[in-house]
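So you can see what is in the structure, the chains are spelled out below.
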Amino acid sequence: MKSLALLVIFTCTFLTIHAQEKKFSLYYDNDQHQLTAAHQTLLDSLKRLPNKDSLDVHIKGYTNSIGATEYNLELSRKRAEYVKEELRAFTIISTKGFGELKGAHANNRRVDVFVHLKRDHIAIVGEIIEAPIEELTEVSVARIDLENPKKGDKITLEGIFFYENRDVIRDESKDALNALVKYLKKNPDVKFKLIGHICCGDPMKPYKDHKNLRTGKDNLSEARAQALHNYLAKQGIAQRRMRYFGMAFRQSTGKGDEFDRRVEIEITSTD
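1. Topic: the pairing of strand S5 (residues 110–117)
Point 1. With respect to burial, S5 is a largely interior element, 8 of its 8 residues being buried.
Point 2. Of the strand pairs in this sheet, strand S1 (residues 22–27) and S5 are connected by 6 bridges, and their pairing is antiparallel. What sits directly across from tyrosine 27, in S5, is arginine 110.
Point 3. Relative to S5, strand S2 (residues 55–63) runs antiparallel, the two being bridged by 7 bridges. Bridging across to S5, lysine 60 finds its partner in aspartate 112.

2. Observations regarding the packing of aromatic side chains
Point 1. Considering all chains together, one arrives at 2 aromatic pairs under this definition.
Point 2. Each ring, one from tyrosine 62 and one from phenylalanine 98, has its centre 5.7 Å from the other, and the planes form 20°; the classification is stacked. Taken together, the positions of tyrosine 62 in strand S2 and phenylalanine 98 in strand S4 (residues 96–100) put the pair 36 residues apart, joining distant regions of the chain.
Point 3. The lysine or arginine in question, arginine 110, covers the ring of tyrosine 62, its NZ or CZ lying 5.0 Å from the ring centre.

3. Let's talk about helix H3 (residues 69–86)
Point 1. The terminal C-alpha atoms of H3, which comprises 18 residues, lie 27 Å apart, in line with the 26 Å expected from a rise of 1.5 Å per residue.
Point 2. Among the residues of H3, Asn72, Leu75, Ser76, Lys78, Arg79, Ala80, Glu81, Tyr82, Val83, Lys84, Glu85 and Glu86 are the ones counted as buried.

4. With respect to helix H4 (residues 174–186)
Point 1. In a regular helix each residue adds 1.5 Å, so 13 residues correspond to 18 Å; H4 covers 18 Å between its end C-alpha atoms and thus fits that length.
Point 2. Considered for burial, the residues of H4 that qualify are Ala176, Leu177, Leu180, Val181, Tyr183 and Leu184. One side of H4 carries all its buried residues, which in axial view fall inside an arc of 160°. Set apart from the buried face of H4 by more than 90 degrees, the exposed residues are Lys174, Asp175 and Lys182.

5. Quick notes on the side chain of glutamate 222
Point 1. Structurally, the position occupied by glutamate 222 is in helix H5 (residues 220–234).
Point 2. For the buried glutamate 222, which has no salt bridge, the nearest side chain bearing the opposite charge is lysine 78, at an N-O separation of 4.6 Å.
Point 3. If near-sequence neighbours (up to four positions away) are discounted, glutamate 222 is found in contact with His33, Gln34, Tyr82, Asp209, Tyr244, Phe245 and Gly246.

6. Focus on the confidence of the model for the chain
For any part of a model where pLDDT is low, the fine detail of the predicted coordinates should not be relied upon.
Point 1. In the predicted model, the chain carries a mean pLDDT of 84, and 87% of its residues have values of at least 70.
Point 2. Counting interchain partners and residues more than four positions distant, the pLDDT-below-50 stretch residues 1–9 has 9 contacts.

7. Details of unusual backbone geometry
Point 1. Backbone geometry at aspartate 31 places phi at a positive 65°, although glycine is not the residue there.
Point 2. Looking at the secondary structure, you find aspartate 31 in the loop between S1 and helix H2 (37–47).
Point 3. With a phi angle near 65°, cysteine 200 is a residue other than glycine that sits in the positive phi range.
Point 4. With respect to the secondary-structure elements, cysteine 200 resides in the loop between strand S9 (191–196) and H5.

8. Topic: the pairing of strand S10 (residues 242–246)
Point 1. Taking burial as the measure, the 5 residues of S10 include 4 buried ones, the bulk of the element.
Point 2. The sheet contact formed by S9 and S10 spans 5 bridges and is parallel. Looking at the pairing, isoleucine 195 lines up with phenylalanine 245 of S10.

9. Points about the state of the cysteines
What is meant by a disulfide is a covalent connection between two cysteines, made through their sulfur atoms.
Point 1. Summed over the entire model, instances satisfying the criterion amount to 1 disulfide.
Point 2. Disulfide partner of cysteine 199: cysteine 200, at an S-S distance of 2.4 Å. With the S-S dihedral at roughly -65°, the linkage between cysteine 199 and cysteine 200 falls on the left-handed side.

10. Some points on the nonpolar core
Buried together is how nonpolar side chains tend to be arranged in soluble globular proteins.
Point 1. Leu157, Ile160, Leu180, Phe192, Leu194, Leu228 and Leu232 are the most contacted members of the largest nonpolar core, which totals 24 residues.
Point 2. Contributing elements (two or more residues each) for this core: H4, S9, H5, S10 and strand S11 (263–269).
Point 3. Formed by 20 residues, the second largest nonpolar core is a distinct cluster that contains Leu26, Leu46, Leu87 and Val111.

Scoring rules and cut-offs
- Residues numbered from 1 in each chain as written.
- Predicted model: local features only at pLDDT ≥ 70, side-chain atom pairs only at ≥ 80, totals over all residues.
- Heavy atoms only, no water.
- Buried < 20%, exposed > 50% of the residue type's maximum accessible area, 1.4 Å probe, protein only.
- Helix = DSSP H or I, 4+ residues; strand = E, 2+ residues; numbered from the N terminus.
- Pairing = 2+ DSSP bridges.
- Phe/Tyr/Trp six-rings, centres within 6.5 Å; stacked < 30°, edge-to-face > 60°.
- Lys NZ or Arg CZ within 6 Å of the ring centre and 35° of its normal.
- Expected span 1.5 Å × (residues − 1).
- Arc of directions from axis to C-beta.
- Lys, Arg positive; Asp, Glu negative; His and termini not counted.
- Salt bridge = Lys/Arg side-chain N within 4 Å of Asp/Glu carboxyl O.
- Contact = heavy atoms within 4.5 Å.
- pLDDT = per-residue confidence, 0-100.
- Disulfide = S-S within 2.5 Å.
- Core = buried A, V, L, I, M, F, W, Y, C linked by side-chain atoms within 4.5 Å.

Okay, structure coming up:
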């Protein structure tokens, strides 16, 4: 009922108010960047808006001033990026982590989401516009055109396996890993993100990740993406080219467990 009520409010807002930007904020516990059930309720309501194609979304992440400045900058970026992954049905403009706000107040640990009509957008130099996810192309690693990678290509990494309920890559993944490294070295201008997914999740709680038995943390999808990130870094792939995320069960293929248990690459830039 709460989610439905939010949807009604948002729908009425954007169908009746034309030149007014709306702001929504998501708040976090200390040192956390993954989405909570409360965050998911708010984001799901936004995702159900009927006029997404007429809207732009700006996402800004922050932390409080507890901790090191460099660490807080990265934490704010992760918070913003995780929210962006949930709102890819919209046109996203210049998602960014701004680091820490002065003071330890809980309200400083947040992500602000700004939504306005496309026709009211004021362009600024250097802004990054990301097309809605429906406009991106999903391909498998077996079919991707290695000579002409394109921004938005989403590659399902076939042949990369993990031990059950762990973030440890199995030895039989060697050939697929070698092919991936070869592809990335052949295309040094390609930047990308690694996206981890789990199978067997709860459709009513798709944001809930599985436990990683190696560490005891409930972040298996993210940990597997990070494991692949770390492997690629050791093979000489520059860390500035790649990011990693865990999407838990939020992007089920609908094809069954074997297809849901996966890591994908999405190309974010070819410049």
